[in-house]
Amino acid sequence: MAYATILTEIRGAVGLVTLNRPQALNALNAELLGELCTALEAFDADEAVGCIVVTGSAKAFAAGADIKEMAPQSYMDMFKADFFAEPHDRICGIKKPIIAAVSGYALGGGCELAMLFDFIIAGDNAKFGQPEINLGVIPGIGGSQRLTRFVGKSKAMDMCLTGRMMDAAEAERAGLVSRVFPAADLLAEVMKIADTIAEKSHPILSMAKQAVNRSYETTLSEGVLFERRLFHSAFATEDQKEGMSAFVEKRKPVFKQR
Ligand code: HXC
């Protein structure tokens, strides 16, 4: 499918989405968000895809929600549109793993978008921030909640109240990103990681994703119970038999379930 604001391709078993509004540093307008959700849902439904990567340009993953689109909106416009609720919920509904490969700016809605994915891998030139305070607003796609869970209250307050940017090294120290690579190698390195993920059992990947995400939504004892039930259900899959037989037989497992 041809999109106006993103590029998509499948490389091996990895679905790659590249945000592509270079004239606006990939600012998230309604068209881009709609196309992104459609592309993610298509990859989620495609049995050939085991892992999804979302990236931007070398200069910007995304410089935020589109300020020019938002500027004239009234309270009633935002309230009636339930601004950003739909893309937020559609992205949360994707079952396959999604890695954000962040080079350059991930600001405001761009940082929030990266945090909506399953984990963030950054180029050493990445800059994260929630600068909404400078525009007379606050984060609106979960930034105040997710950033706080990633980096803790002190750093999240610092980011949201000053609007300052965090570089890749600080973001890695703080736990916002899982790994940092030289910017020039970022996509190649992330694709290797995505390939490794895509080789696993796809239903078991979804279970692992659900289990980790559940930890944000519930108590420890309920989360452990949820995990245990998923763990038990893994024993109903052919891939559990394959994975454990392969270990016993000292060979590499070949997971087949899609
Ligand atoms: C619309 C944007 C944009 C944005 C950049 N552009 N960010 N357009 N929305 N968020 C446009 C600029 O207007 C300009 O186009 C072009 O992209 C290049 O940007 P420059 O500013 O000229 O580039 P540079 O000097 O390199 O500065 C880069 C930057 C700066 C530091 C990233 O662009 C910037 O501060 N952007 C805004 C960051 C921000 O405040 N994000 C939060 C948005 S609010 P023209 O055609 O004008 O030259 C948000 C709320 C989320 O995200 C919650 C919603 C529910």
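Conventions used here
Residues numbered from 1 in each chain as written. Predicted model: local features only at pLDDT ≥ 70, side-chain atom pairs only at ≥ 80, totals over all residues. Heavy atoms only, no water. pLDDT = per-residue confidence, 0-100. Phe/Tyr/Trp six-rings, centres within 6.5 Å; stacked < 30°, edge-to-face > 60°. Buried < 20%, exposed > 50% of the residue type's maximum accessible area, 1.4 Å probe, protein only. Lys NZ or Arg CZ within 6 Å of the ring centre and 35° of its normal. Helix = DSSP H or I, 4+ residues; strand = E, 2+ residues; numbered from the N terminus. Pairing = 2+ DSSP bridges. Near = heavy atom within 4 Å. Polar contact = N/O pair within 3.5 Å; in protein donor to acceptor, adjacent residues only side chain to side chain.

Chemist: What am I meant to see in the confidence of the model for the protein here?
Modeler: Caution applies to low-pLDDT regions: their predicted coordinates should not be interpreted in detail. For the protein, per-residue confidence averages 97 on the pLDDT scale, and 100% of positions sit at 70 or higher. Two summary scores accompany this predicted model of the complex, namely pTM at 0.97 and ipTM at 0.98.

Chemist: Is there a simple way to explain the packing of aromatic side chains in this structure?
Modeler: Between two aromatic rings, the relevant description is the distance of the centres plus the angle of the planes. In this structure the tally under the stated criterion is 3 aromatic pairs. Measuring from centroid to centroid gives 4.7 Å for F83 and F84, while their planes differ by 90°, and the two rings are edge-to-face. The interplanar angle of 75° and the centroid separation of 5.3 Å between the aromatic rings of F231 and F235 together place this pair among those described as edge-to-face. Using a relative accessible area of 36% as the deciding quantity, one classes F235 as partly exposed. The ring of F226 has R214 sitting right over it, with the charged end atom 4.3 Å from the ring centre.

Chemist: Is there a simple way to think about unusual backbone geometry in this case?
Modeler: A negative phi holds for most residues other than glycine; trans holds for most peptide bonds. For L25, which is not glycine, the phi torsion reads 50° and is therefore positive. With respect to the helices and strands, the residue L25 is situated in the loop between β2 (14–19) and α1 (30–45). Assessed through its relative accessible area of 28%, L25 is described here as partly exposed. Phi is positive for F84, close to 75°, though the residue is something other than glycine.

Chemist: Any chance you could explain the pairing of β2 here in plain terms?
Modeler: Across a regular strand the side chains alternate sides, sitting on one face of the sheet and then on the other. Of all the 6 residues making up β2, 6 are buried; the element is thus mostly covered by neighbouring parts of the structure. Neither face of β2 is exposed, since V14, L16 and T18 on one face and G15, V17 and L19 on the opposite face are all buried. The sheet contact formed by strand β1 (residues 6–11) and β2 spans 6 bridges and is antiparallel. Each bridged residue has a counterpart across the sheet, and for E9 the counterpart in β2 is L16.

Chemist: What should I look at first to understand the environment of I67 in this one?
Modeler: Looking at the element boundaries, I67 is found in helix α2 (residues 67–70). By relative accessible area, I67 is classed as partly exposed at 44%.

Chemist: Just checking my understanding: could you explain the site of the ligand for this structure?
Modeler: Surveying the vicinity of the ligand reveals 24 residues, the closest of which are K59, A65, I67, K68 and G109. Contact distances for the ligand include 3.5 Å between an oxygen atom and a backbone N or O atom of Q23. Here A65 contributes a backbone N or O atom positioned 2.8 Å from an oxygen atom of the ligand. Those elements that place two or more of their residues in the shell around the ligand are α2, β6 (105–107) and α5 (109–116). A total of 3 residues in the shell around the ligand trace back to one element, the largest contributor, which is α2.

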